[in-house]
Amino acid sequence: MDGFESNDGVILVAATNRPDVLDPALLRPGRFDRRVVVGLPDVRGREEILRVHVKKVPVSDDTNLNVLARGTPGFSGADLANMVNEAALNAARMNRKQVTMYDFELAKDKVLMGAERKSMLLTEEEKRVTAYHEAGHALVSFRHVHSDPIHKVTIIPRGMALGVTIFLPGDRHNYTREYLEANLAIAYGGRVAEEIFLNQMSTGAGSDIESATDLARRMVCEYGMSRLGPLTFGKKEEQIFLGREIAQHRDFSEETARQIDLEVRRLIDEAYQSAHSIVESHADAMHRIAAALLERETIDAEEVRMLIEGLVLPPMRSNLATPSDTGGNVQQVLKPEGTRSGPNYPEGSPSPA
Ligand code: ZN
């Protein structure tokens with residue numbers, strides 16, 4: 001920073017994702033003294049970012065960037081660039097001269113859910129388990145007013161997951177207790193469905209359980225959303241860049257630790273019971289959703305709604321020239337199963353799929 005006269009007119013811009021650990025000497029007036037926080041883009045921001053990226057590719061007249069922007073909440077600028085790139089690849093595979101809205105839709109799903117692993121063969125039994133598991137997530141989320149809307153439910157393996165229920169989290173910046181409780185219940189929808197309809201437990205629910213437990217603990221220890229009141233328990237020292245484990249500094253008594261455990265357990269028990277009663281009382285809808293998943297592999301939110309209401313689905317759209325992915329080449333932008341599509345979740349919060 002030294003060596004410049006005050007009238008030299010040099011502007012230095014730098015970026016960091018750890019503003020909390022910067023040396024205060026760097027931030028003194030005359031040095032890096034302005035801060036611009038760059039969050040995830042909102043719907044207008046996404047539209048403008050898309051406008052920049054589509055300049056490089058020929059797009060058809062039916063492409064509506066506003067529609068794409070509205071359908072991609074939680075996408076970062078890099079996700080959007082990736083989506084445009086995937087859409088262009090799709091169009092090239094199909095020998096099209098222009099990128100169409102259909103290419104963008106396929107690309108959006110790929111970025112949201114990870115690439116399909118068509119080479120991965122599942123047994124009929126595994127498919128059945130996955131279908132009921134995902135149907136459980138979908139049904140519970142539909143029955144919870146505070147849940148994010150579903151985007152799609154699929155039993156095509158993507159990334160590390162055998163199936164995924166994808167949500168569109170919307171441009172949220174703040175999360176209510178009701179919303180987090182709904183997420184806890186949705187997380188258990190999968191496990192509960194397996195128990196009720198297949199009379200078994202599988203490892204498939206492992207990441208659901210992990211993220212739900214983590215979320216419940218945060219609700220108690222960080223967000224003050226339990227009977228222990230609005231207090232923070234435990235100070236975290238994150239030193240991830242030094243390659244060390246995150247150290248939890250304990251600043252509460254044994255007795256409080258016990259109460260925290262009890263509150264976490266209570267939140268989880270309530271979520272589990274909520275999921276259980278929803279799934280149990282909608283057995284017919286569960287069978288219909290699972291059957292539709294086994295037949296069609298992917299269903300969207302509207303189809304889930306129709307199945308819950310007992311309506312007959314329109315015939316399957318023929319797989320109109322779906323270009324096949326190079327199987328196995330898993331590109332995972334957002335983690336499926338166990339993580340919902342929203343990178344705009346509260347810092348480090350888990351997210352049930
Ligand atoms: Zn699950």
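Residues numbered from 1 in each chain as written. Predicted model: local features only at pLDDT ≥ 70, side-chain atom pairs only at ≥ 80, totals over all residues. Heavy atoms only, no water.

Draft legend 1. Just the sheet that holds strand β1 (residues 150-154), in detail. In space, the three strands of this open sheet follow the order β2-β1-β5, with antiparallel pairing throughout. At either end of the open sheet lies a strand with only one pairing partner, and these are β2 (164-167) and β5 (298-300). With direction set aside, neighbouring strand axes in the sheet form an average angle of 15°. Of the strand pairs in this sheet, β1 and β2 are connected by four bridges, and their pairing is antiparallel. The partner of Val 153 across the bridge, within β2, is Thr 165. (Pairing = 2+ DSSP bridges. Helix = DSSP H or I, 4+ residues; strand = E, 2+ residues; numbered from the N terminus. Axes fitted to C-alpha atoms, helices over the stretch in contact; angles between N-to-C directions.)

Draft legend 2. View of the nonpolar core. Counting residues in hydrophobic clusters, the biggest one holds 52 residues, and the most contacted among them are Leu 139, Leu 184, Val 279, Met 286, Ile 289 and Ile 299. The contacts of Val 279, once residues within four sequence positions are left out, are Leu 139, Val 140, Gly 189, Val 192, Ala 193, Ile 196, Phe 197 and Met 286. With 24 residues, the next largest nonpolar core counts Val 54, Met 83, Ala 107 and Leu 168 among its residues. (Core = buried A, V, L, I, M, F, W, Y, C linked by side-chain atoms within 4.5 Å. Buried < 20%, exposed > 50% of the residue type's maximum accessible area, 1.4 Å probe, protein only. Contact = heavy atoms within 4.5 Å.)

Draft legend 3. Main features of the packing of aromatic side chains. Enumeration over the complete set of coordinates arrives at four aromatic pairs. Consider the rings of Tyr 175 and Tyr 179, whose centres lie 5.3 Å apart with planes at 40°: the pair is tilted. Owing to a relative accessible area of 11%, Tyr 175 belongs among the buried residues under this scheme. Both rings, one in Phe 233 and one in Phe 252, keep their centres 6.0 Å apart while their planes meet at 85°; by these two values the pair is edge-to-face. Within this pair, whereas Phe 233 is found in the loop between α7 (206-221) and β3 (235-237), its partner Phe 252 is found in the loop between β4 (247-249) and α8 (254-281), the two being separated by 19 residues in sequence. Looking at Phe 233, the relative accessible area reads 9%, which means it is buried. (Phe/Tyr/Trp six-rings, centres within 6.5 Å; stacked < 30°, edge-to-face > 60°.)

Draft legend 4. Geometry of the pairing of β1. A large share of β1 lies buried, amounting to five of its five residues. The sheet contact formed by β1 and β5 spans three bridges and is antiparallel. Residue pairing in the sheet places Thr 154 in a bridge with Thr 298 of β5.

Draft legend 5. Representation of the packing of helix α5 (residues 124-143) against helix α9 (residues 283-296). Between α5 and α9, whose axes approach to 8 Å, the crossing angle comes to 125°. Between α5 and α9, the angle falls in the class oblique. For the crossing formed where α5 meets α9, the hand is right-handed. Between α5 and α9, the residues in contact are Lys 127, Arg 128, Ala 131, Tyr 132, Glu 134, Ala 135, Gly 136 and Leu 139 and Ala 285, Met 286, His 287, Ile 289, Ala 290, Leu 293 and Leu 294, respectively. (Parallel < 35°, antiparallel > 145°, perpendicular 65-115°, else oblique. Left-handed = near helix turned anticlockwise from the far one by under 90°.)

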